[in-house]
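Read off the chains here:
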Amino acid sequence: MGLKNKKGSVLILAMWALVFLAILNVALYKIVSSQVELVKRYRREIISPYLAKAACQYAKARQKSDSTEYDALSELKEPQEVEVGKGKFTYTITDEESKINVNTAPAEVLARLPGLDETLADGIVSSARRPFSVKEELLLIDGIDREIFNGFKDFITVYGSGSVNLNTVSEDAMAVLGMDSDLIQIIKRYRAGPDGEEGTGDDRVFEGAGSIVNQLREYSGLFSAQELLIIELASKNLLGVSGTAFSLNVTTEILGGEGKKYAVVMENEKIKQWVER
């Protein structure tokens, strides 16, 4: 019996040792996991902003190296991907001056925005808050609620010179400027180039505000009213061919893992807005 008791005691001790080791293993796993998660969080929180700032510097350098007097979709559309040490950033650019600038556009233009009328447009133009720092300030204008704002927010900007870039402007924004559907389609076909697709290497570009009418004349006949509208818009600094403000959508990657994402607005090479997405 004594030998059996000894064997039983040893077995019990072994079982308790296994239980202890299992508990210890779980505890160590939790500690290691929390440390790994802490490192991942550190990488995301600390390194991601530096990668995003590097993307901004890279975009600035590319802009400085561009010797043309115009900005076109084919220059901006292509995503840029750059590795920096153990990290990587990717960004795409949107021309803010492809939109209507609510700080400079006259009431007759703003009244054509979806959901707006002459009264609301006059309220924007006469607002003491103008020039607006962010477009959400328009929600403080009497009569503009969230539903109305959501209807036109994608067509407007508060950045740039106020001159809409004809090389990048959308169909909807061209209509807001007062262009008829025929003129809009002529401009789109002209920009698309021989392959009929905008944002590719064979795109045609408008090289200067003063040459827009002549370039379109050579491509397709225009009515006199269409020519006069283009000339009027250009003379009022409402129409141009280049931009000074751009939005960067930046994604970051660290050691193969996903980093943070940012929306950055740069105007005249200065960061005007920085939003973590």
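Residues numbered from 1 in each chain as written. Predicted model: local features only at pLDDT ≥ 70, side-chain atom pairs only at ≥ 80, totals over all residues. Heavy atoms only, no water.

A. Here's a closer look at the side chain of Asn 103. Positionally, Asn 103 belongs in the loop between strand S3 (100-101) and helix H3 (107-110). Of note is the side chain of Asn 103, whose polar atom sits 3.3 Å from the backbone oxygen of Val 158. In this structure, Asn 103 is in contact with Arg 130, Pro 131, Phe 132 and Val 158, ignoring residues within four places of it in sequence. (Helix = DSSP H or I, 4+ residues; strand = E, 2+ residues; numbered from the N terminus. Polar contact = N/O pair within 3.5 Å; in protein donor to acceptor, adjacent residues only side chain to side chain. Contact = heavy atoms within 4.5 Å.)

B. Here's a closer look at the environment of Ser 170. Along the chain, Ser 170 falls in the loop between strand S5 (164-165) and helix H6 (171-176). A distance of 3.2 Å separates a polar side-chain atom of Ser 170 from the backbone nitrogen of Ala 173.

C. How the structure looks around the sheet that holds strand S8 (residues 257-267). Strands sit in the order S1-S2-S7-S8-S9 across an open sheet of five strands; the sheet is antiparallel. The sheet is open, and its two edges are formed by strand S1 (80-84) and strand S9 (270-276), each paired on a single side. For this sheet the average axis-to-axis angle between neighbouring strands, irrespective of direction, equals 25 degrees. (Pairing = 2+ DSSP bridges. Axes fitted to C-alpha atoms, helices over the stretch in contact; angles between N-to-C directions.)

D. Examining the packing of helix H7 (residues 181-192) against helix H8 (residues 212-219) more closely. As a packed pair, H7 and H8 sit with axes 11 Å apart at the nearest point and diverge in direction by 85 degrees. In terms of orientation, H7 and H8 fall into the roughly perpendicular class. On H8, the residues touching Leu 183, Ile 186, Ile 187, Arg 189 and Tyr 190 of H7 are Gln 215, Leu 216 and Tyr 219. Grouping the constituent residues of the contact of H7 with H8 by class yields six nonpolar, one polar and one charged. (Parallel < 35°, antiparallel > 145°, perpendicular 65-115°, else oblique. Nonpolar A, V, L, I, M, F, W, Y, C, P; charged D, E, K, R; others polar.)

E. Region of interest: the pairing of S1. As judged from the five bridges shared by S1 and strand S2 (residues 87-95), these two strands associate in the antiparallel manner. Bridge pairing links Glu 83 to Lys 88 in S2. The antiparallel hairpin formed by S1 and S2 contains two residues in its connecting segment, where Gly 85 sits at a positive phi of about 60 degrees.

F. The arrangement of H7 in detail. If you check H7, its first and last C-alpha atoms are 16 Å apart, about what 12 residues at 1.5 Å a residue would give, namely 16 Å. Restricting attention to buried positions, one finds in H7 the residues Leu 183, Ile 184, Ile 186, Ile 187, Lys 188, Tyr 190, Arg 191 and Ala 192. Turning to H7, the residues buried within the fold contact H6, H8 and helix H9 (224-235). Between a side-chain oxygen at the N-terminus of H7 and the backbone nitrogen of Asp 182 the separation is 3.1 Å; the capping residue is Asp 180. (Expected span 1.5 Å × (residues − 1). Buried < 20%, exposed > 50% of the residue type's maximum accessible area, 1.4 Å probe, protein only.)

G. Inspection of unusual backbone geometry at higher detail. Omega for the peptide link from Arg 130 to Pro 131 comes to 5 degrees, which places this bond in the cis form. Residue position: Pro 131 is located in the loop between helix H4 (118-125) and helix H5 (146-152). For Glu 269, which is not glycine, the phi dihedral falls at a positive 70 degrees. Mapped onto the elements of the fold, Glu 269 is located in the loop between S8 and S9. Judged by its relative accessible area of 28%, Glu 269 is partly exposed.

H. Layout of the nonpolar core. Residues Ile 100, Leu 138, Phe 152, Leu 166, Met 179 and Leu 216 are the most contacted members of the largest nonpolar core, which totals 51 residues. Those elements giving two or more residues to this core turn out to be H3, H4, H5, H6, H7, H8 and H9. Take this core: its biggest share by element is five residues, from H7. Dropping the residues within four chain positions of it, Leu 166 is found in contact with Met 174, Met 179, Ile 187, Arg 191, Phe 206, Ile 212, Leu 239, Gly 240 and Val 241. Counting residues in hydrophobic clusters, the runner-up holds 12 residues, among them Ala 52, Cys 56, Val 250 and Val 264. (Core = buried A, V, L, I, M, F, W, Y, C linked by side-chain atoms within 4.5 Å.)

I. Focus on the side chain of Asp 95. Take Asp 95: it is sitting in strand S2. Despite its burial, Asp 95 remains without a salt bridge, the nearest opposite charge being carried by Arg 191 at 8.7 Å. One polar contact links the side chain of Asp 95 to the main-chain amide nitrogen of Glu 97, over a distance of 2.9 Å. (Lys, Arg positive; Asp, Glu negative; His and termini not counted. Salt bridge = Lys/Arg side-chain N within 4 Å of Asp/Glu carboxyl O.)

J. The pattern of salt bridges, seen in detail. Following the criterion strictly, the structure yields 10 salt bridges and no others. For Lys 64, the salt bridge goes to Glu 269, with nearest N and O atoms at 3.8 Å. With a gap of 205 residues between them, Lys 64 in helix H1 (residues 2-65) and Glu 269 in the loop between S8 and S9 connect regions that are remote in the sequence. Overall, Lys 64 belongs to the exposed group, its relative accessible area being 58%. A salt bridge links Glu 171 to Lys 188, with the shortest nitrogen-to-oxygen separation between them at 3.7 Å. Pair noted here: Glu 171 is in helix H6 and Lys 188 is in helix H7, with a separation of 17 residues, a long-range link. Note on Glu 171: relative accessible area 36%, which makes it partly exposed.

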